[in-house]
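Geometric and topological summary
Each chain, letter by letter, is given below.
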Amino acid sequence: MQRRGASSGGTSARRRAERKKGPEPVVEQVDGGLAELIPDPDRPRGWTLLVDGAPQSHVDLDDPAHLSFEYQRRLGHVADLAAPPGRPLQVVHLGGGAFTLARYIAATRPRSTQQIVELDASLVQLVRRQLPLDPGARIRVRSTDARTGLAKVPDGWADLLIADVFSGARTPAHLTSTEFLAEVRRVLAPGGRYTANLADGPPLAHIRAQVATAAAVFPELALAADPTVLRGRRFGNAVLLASDLPLPVAELTRRVASDPHPGRVEHGRALVDFTGGAAAVTDASAKPSPVPPPEAFR
């Protein structure tokens, strides 16, 4: 609607200026804290989601196959290697964020069927409103606790299960135990794969314990991360991969090493040595992942 007394030429000039300026950030209180959607200055329809200042997701609505965050690229490699190229997958996502990986899989593997379990219902509403999903994508979103939602998935349903759950920048304790991973294994089809985004810093007690916990449930494991994170020199992300069948370690290693921020993949004896004798976590002993240091998101 044109404002009274304003000329159409003035309106057009203002609109051109607004287009040049680009979209404004969107800030909204959600169940998990203060959510911010920040426009990407390099991508016309790119957005970064932060919750309480912690980066959660990056999405490019024009190019959903673009993965900006380092750990999301590694999760993308896992999805790429979960089946021959283009073959549809059945995927469970624990943790939604801005639905980045679900969008990626829908773009790279059309006709895939995906379930997202995200506790924060108001965050889901914000993302659906500001960053709408492709209506043709077969993606269902449930607003419930990750373990509660997982319990409703049929036995052997998922080819791939991606866990990327953070509350206050920490993974909740009940998603770190052998009991949780036993439920994950129940949901996976034979040969299906579990992958999780882990965050930790020196002395890496959380990541080591998570590898030991996965080893108590799955016979095949790999861990991908920045070498400085693996050496315990800084706080960062590591992507854990587990299955009941051998993993494509050589190809995953090649892809991770060729990323813009090259990483390393540990497996086999080297990964056993990395755990340093850490004990598997149970529901009785579980703790949330550590609090990130203030400089982690600078």
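Please read all numbers here as calculations on a predicted model, not as lab measurements.

Quick word on the pattern of salt bridges
- Taken as a whole, this structure holds 16 salt bridges when the rule is applied.
- Put simply, Asp259 and Arg74 hold a salt bridge, and the shortest N to O gap is 3.8 Å. One end of the pair, Asp259, is in the loop between α9 (249–257) and β12 (264–267); the other, Arg74, is in helix α2 (residues 70–80), with 185 residues separating them in the sequence. This pair shows no difference in class: Asp259 is buried, exactly as Arg74 is.
- Overlapping salt bridges, with partners in common, bring together Glu70, Arg73, Arg74 and Asp259 in one network.

Overview of the packing of α2 against helix α3 (residues 100–108)
- Packing of α2 against α3 brings their axes to within 11 Å, and their N-to-C directions diverge by 35°. The handedness of the crossing between α2 and α3 is right-handed. Across the interface between the two elements, Gln72, Leu75, Gly76, Ala79 and Asp80 from α2 touch Thr100, Leu101, Tyr104 and Ile105 from α3.
- When the residues that make up the contact of α2 with α3 are grouped by side-chain class, the tally is 5 nonpolar, 3 polar and 1 charged.

Here we look at the sheet that holds strand β8 (residues 158–163)
- One open sheet accounts for 8 strands, arranged β7-β6-β5-β8-β9-β11-β10-β12; its pairing is mixed. Across the chains shown, the open sheet's two edge strands, defined by having one partner strand only, are β7 (138–142) and β12. Each adjacent strand pair in this sheet contributes to an overall mean axis angle of 15°, direction not counted.
- Here strand β6 (residues 113–117) pairs with β7 via 5 bridges, running parallel. Bridge pairing in β7 links Ile116 to Val141.
- Sitting on the sheet, α3 touches β5 (90–94), β6, β7 and β8, and the angle it makes with β6 is about 180°.

So, the nonpolar core
- In terms of nonpolar packing, the biggest core is built from 35 residues, with Leu94, Leu161, Val184, Tyr194 and Leu223 touching the most fellow members.
- Setting aside residues no more than four positions away along its own chain, Leu94 makes contact with Val117, Ala146, Leu150, Leu161, Ile162, Ala163, Asp164, Val165 and Phe180.
- If you look at the next biggest cluster of nonpolar residues, it comprises 25 residues, including Tyr104, Leu160, Ala222 and Val256.

Concerning the confidence of the model for the protein
- In the predicted model, the protein carries a mean pLDDT of 93, and 92% of its residues have values of at least 70.
- Confidence drops under pLDDT 50 across residues 1–19; counting only partners more than four residues distant or on other chains, this segment forms 4 contacts.

Description of the packing of aromatic side chains
- One pass over the structure, following the stated rule, counts 3 aromatic pairs.
- A centroid spacing of 6.3 Å and a plane angle of 5° characterise the contact between Tyr194 and Phe218, whose relative ring orientation is stacked. Remark: Phe218 occurs in the loop between α7 (205–215) and β10 (220–225) and Tyr194 occurs in strand β9 (residues 188–200); sequence separation between them is 24 residues. This pair shows no difference in class: Tyr194 is buried, exactly as Phe218 is.
- Three or more aromatic residues joined by ring pairs make a cluster, and in this case those are Phe180, Tyr194 and Phe218.
- The aromatic ring of Phe274 is capped on one face by Arg208, whose charged end is 4.7 Å from the ring centroid.

Criteria and cut-off values
Residues numbered from 1 in each chain as written. Predicted model: local features only at pLDDT ≥ 70, side-chain atom pairs only at ≥ 80, totals over all residues. Heavy atoms only, no water. Salt bridge = Lys/Arg side-chain N within 4 Å of Asp/Glu carboxyl O. Helix = DSSP H or I, 4+ residues; strand = E, 2+ residues; numbered from the N terminus. Buried < 20%, exposed > 50% of the residue type's maximum accessible area, 1.4 Å probe, protein only. Axes fitted to C-alpha atoms, helices over the stretch in contact; angles between N-to-C directions. Left-handed = near helix turned anticlockwise from the far one by under 90°. Contact = heavy atoms within 4.5 Å. Nonpolar A, V, L, I, M, F, W, Y, C, P; charged D, E, K, R; others polar. Pairing = 2+ DSSP bridges. Core = buried A, V, L, I, M, F, W, Y, C linked by side-chain atoms within 4.5 Å. pLDDT = per-residue confidence, 0-100. Phe/Tyr/Trp six-rings, centres within 6.5 Å; stacked < 30°, edge-to-face > 60°. Lys NZ or Arg CZ within 6 Å of the ring centre and 35° of its normal.

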